[in-house]
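Residues per chain, in single letters:
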Amino acid sequence: MPLSPLSIHDLSKRYGGIPVVDGLNLELAPGCCHGLLGPNGAGKTTTLRLALGLIAADTGEIRLLGHALPDQGRAARQRVGVVPQSDSLDPDFTVRENLFTYGRYFGLRPAELAGRIPRLLAFAGLEGKADAPIASLSGGMKRRLTLARALVNDPELIFLDEPTTGLDPQARHLIWQGLRRLLHQGKTLLLTTHFMDEAERLCDVISVMDQGRIIVQGSPRELIRAHIEPHVVEVFGEGLTAWRDRAARFCQRCERVGETLFCYTHAPQAVLVDLDGRHETGLRYLHRPANLEDVFLKLTGRDLRD
Amino acid sequence: MTEPRWFPVWRRNFLVWKKLAIPSMLGNLADPLLYMLGLGYGLGGLLQSVDGVPYLHFLAAGMLCYSVTNSSTFETLYSAFSRMHVQKTWEAILNTPLGLRDVLLGELAWASSKALLSGAAILLVIWGLGLQADFVLSLALIPVALLTGFCFAGLGLAVNAVSPNYDFFLYYFTLAITPMVLLGGVFYPPSALPAWLAAGAAWLPLTHAIELARPLVLGHWPDRPLWHGVVLLLYGVAGFTAALGLTRRRLLR
Ligand SMILES: Nc1ncnc2c1ncn2[C@@H]1O[C@H](COP(=O)(O)OP(=O)(O)OP(=O)(O)O)[C@@H](O)[C@H]1O
Ligand SMILES: [Mg+2]
């Protein structure tokens, strides 16, 4: 079996006595996209910082591209790309200068960079913007440039911390396209996100993290199959409270969130017939297959974090 | 020869500076020049001589050190803080093979370079006005400017490391830099101070810089040059060491 690009064993990190990463194990498969999902404060960014050798763990072992961390972090980071959670493009530079300057941090020569930068600009769809200042870019362009910047050293493994947060749907699709291209080239991705559709589309394996621990792991389809009934009927509108008592007869599991009742079931026929019979009461519904978000909410709960 | 690891950080700052070099240099120069000409001619007209030389000649070395100190301090406080805290430039660099030591060494070298440039600009003014007694000796002001810049860059980075915001820097200026400028011998010889105050002032790094610079303008070799040099070096190294530890605690915890 080929060497895992990142393997983490029994990793723990506390801040002020509170465990933020708590006995975490993770093994990435080469060439795969691995998703790290979890509510705010679950410890995703901290895990990435540990896995880059930037901060020291309290316990545990990390091997990044064959290097033991944090001691050999420098050698390992030479072959890793990072898209950080918060924007850190250099506002004093143009698009091209950003790529050029960043490449120099990896010890790349100007001639090498001159060859790479046009390809990176094309990858990011920013050919026409090479000499534009950062302030003139849209949010989506900035994020694409940050992704291109992470590729300047032609990394084998790329860490992406919420690469599409704050972007509109078109911009997100462009980023996804880019990430799929990277997977085709054989790169390994470690992606954190709050968008379940994003994880479902891109990731081969997903780890759901909560309170510093990985609570489940598997492919999106496996997780849906293992943890949730295949059909979801979302019911809302007038008379919901009265109808709720009937729901238990038809469904394995019901959960009310605000104005909506989520009914999970293996056989949706009965509940749909019942609801169709109440058409005129103002009760309305939406029938859909179960998705990753249902799994996520079931496992991490529906209450607000932070 | 391979370049040192911190060099790309220095170059990043240099490339940004290059874009705005002219206004930036004018801004750096205007303040000490106004002091020098205003005080030198204005006050100089009232004073017969200070320590046996015309006041403008006396003031020149003080202004050179003041300008170097200011330039180095501004760069390591306001500019470095915006790169560390606001723009997250350092965070981005730390995701590459470079470490925090490389980042801070690059900043230290950059602030020293800018300080050197400010010193060199004042030196040009000194030459232009013919204030130096001995041209060859005045060339030694160049390493003095570099060393003084290094010293205040180290100290500035340490202050930067503990600063919650820009406002904090005002404390450093009012509590450290301004007293130093007033007591360290920029405007008048420390011998004019009461003995106890002069004894205290002898510990200030700026005092040592001026002890080196003033004789070089006035045409003689400084007393105890090695001692003054070592003090400046130690202040700088101590500042840098503290900066490294404190910034590590701030960013990489
Ligand atoms: N340097 C630090 N000092 C103290 N506490 C920290 C530090 N870094 C992170 N934490 C805390 O650790 C917890 C986990 O933070 P982390 O940033 O890893 O979460 P996350 O899963 O990335 O969250 P989000 O989805 O909001 O980005 C948070 O409660 C955070 O406040
Ligand atoms: Mg995070």
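About the criteria used
- Residues numbered from 1 in each chain as written.
- Chains lettered and ligands numbered in written order.
- Predicted model: local features only at pLDDT ≥ 70, side-chain atom pairs only at ≥ 80, totals over all residues.
- Heavy atoms only, no water.
- Helix = DSSP H or I, 4+ residues; strand = E, 2+ residues; numbered from the N terminus.
- Buried < 20%, exposed > 50% of the residue type's maximum accessible area, 1.4 Å probe, protein only.
- Contact = heavy atoms within 4.5 Å.
- Pairing = 2+ DSSP bridges.
- Axes fitted to C-alpha atoms, helices over the stretch in contact; angles between N-to-C directions.
- Donors = N, O, S within 2.8 Å, 3.2 Å for Na, K, Ca; no water.
- Near = heavy atom within 4 Å.
- Polar contact = N/O pair within 3.5 Å; in protein donor to acceptor, adjacent residues only side chain to side chain.
- Nonpolar A, V, L, I, M, F, W, Y, C, P; charged D, E, K, R; others polar.
- Buried area = accessible area lost by both parts, 1.4 Å probe.
- Salt bridge = Lys/Arg side-chain N within 4 Å of Asp/Glu carboxyl O.
- Disulfide = S-S within 2.5 Å.

### Examining the overall build of chain A
The number of helices and strands found in chain A is eleven helices and 14 strands. Along the first, second and third principal axes, the C-alpha atoms of chain A reach 70 × 45 × 40 Å. Residues counted as buried form 51% of the 306 residues belonging to chain A. At a minimum sequence separation of 6, the contacts of chain A that also span at least 24 residues come to 68%.

### Section: the sheet that holds strand S2 (residues 18–27) of chain A
Residue and element names in this part refer to chain A. As summarised here, the arrangement of the four strands in space is S2-S1-S4-S5, forming an open sheet in which the pairing is antiparallel. Here the strands that pair on one side only, and so sit at the sheet edges, are S2 and strand S5 (67–68). Two strands pair when backbone bridges link them, and strand S1 (residues 6–15) and S2 are joined in this way by seven bridges, in the antiparallel orientation. In the strand pairing of S2, arginine 14 is matched with proline 19. On top of the sheet, helix H1 (residues 44–51) reaches S1, S2 and strand S4 (59–64); it is set at about 120° to S1, its chief contact.

### Re the coordination of the magnesium ion (ligand 2)
Looking at the metal site, the magnesium ion (ligand 2) is ligated by Thr45 of chain A (OG1) and Gln85 of chain A (OE1), spaced 1.9 to 2.2 Å from it. One end of the pair, threonine 45 of chain A, is in helix H1; the other, glutamine 85 of chain A, is in the loop between strand S6 (80–83) and helix H3 (95–105), with 40 residues separating them in the sequence.

### Comments concerning the site of ligand 1
Around ligand 1, a shell composed of 13 residues is seen, among which Lys44, Thr45, Thr46, Gln85 and His194 of chain A lie nearest. In this structure, ligand 1 is bordered by residues of chains A and B. Between an oxygen atom of ligand 1 and a side-chain N or O atom of asparagine 40 of chain A, the distance comes to 2.9 Å. Here an oxygen atom of ligand 1 and a side-chain polar atom of threonine 46 of chain A are 2.5 Å apart. Broken down by element, the shell around ligand 1 gets its largest block of residues, three residues, from H1 of chain A. Split into classes, the residues belonging to the shell around ligand 1 amount to three nonpolar, seven polar and three charged.

### Quick look at the pairing of strand S9 (residues 205–210) of chain A
Consecutive side chains along a regular strand alternate between the two faces of the sheet. All names here are of chain A. Counted residue by residue, S9 has five buried out of six residues, so it is predominantly covered. Here four bridges tie strand S3 (residues 33–37) to S9, and the two strands are oriented parallel to one another. Pairing of histidine 34 across the sheet is with valine 205, part of S9. Pairing of S9 with strand S10 (residues 213–218) involves five bridges; the strand directions are antiparallel. Paired with aspartate 210 across the bridge in S10 is arginine 213.

### Describing the interface of chain B and chain A
Of the residues lining the interface, 24 residues belong to chain B; the matching set on chain A comes to 27 residues. Between chain B and chain A, the buried area comes to about 2,200 Å², and carbon and sulfur atoms account for 53% of it. Counting the contacts that link chain B with chain A gives four salt bridges. Measuring nitrogen to oxygen at the nearest pair gives 2.6 Å for the salt bridge that ties aspartate 90 of chain A to arginine 12 of chain B. Counting across the interface, chain B meets chain A through eleven residue pairs in polar contact (both at pLDDT 80 or more). It is helix H1 (residues 7–19) of chain B that provides the largest number of residues to the side of chain B that touches chain A, a total of seven residues. Partitioning the side of chain B that touches chain A into residue classes produces eleven nonpolar, five polar and eight charged.

### As for the state of the cysteines
Considering all chains together, one arrives at zero disulfides over all chains under this definition. Of the cysteine sulfurs around cysteine 33 of chain A, a residue in no disulfide, the closest is that of cysteine 203 of chain A, at 3.6 Å. Between cysteine 65 of chain B, a cysteine without a disulfide, and cysteine 151 of chain B, which holds the nearest cysteine sulfur, the sulfur-to-sulfur distance is 11 Å.

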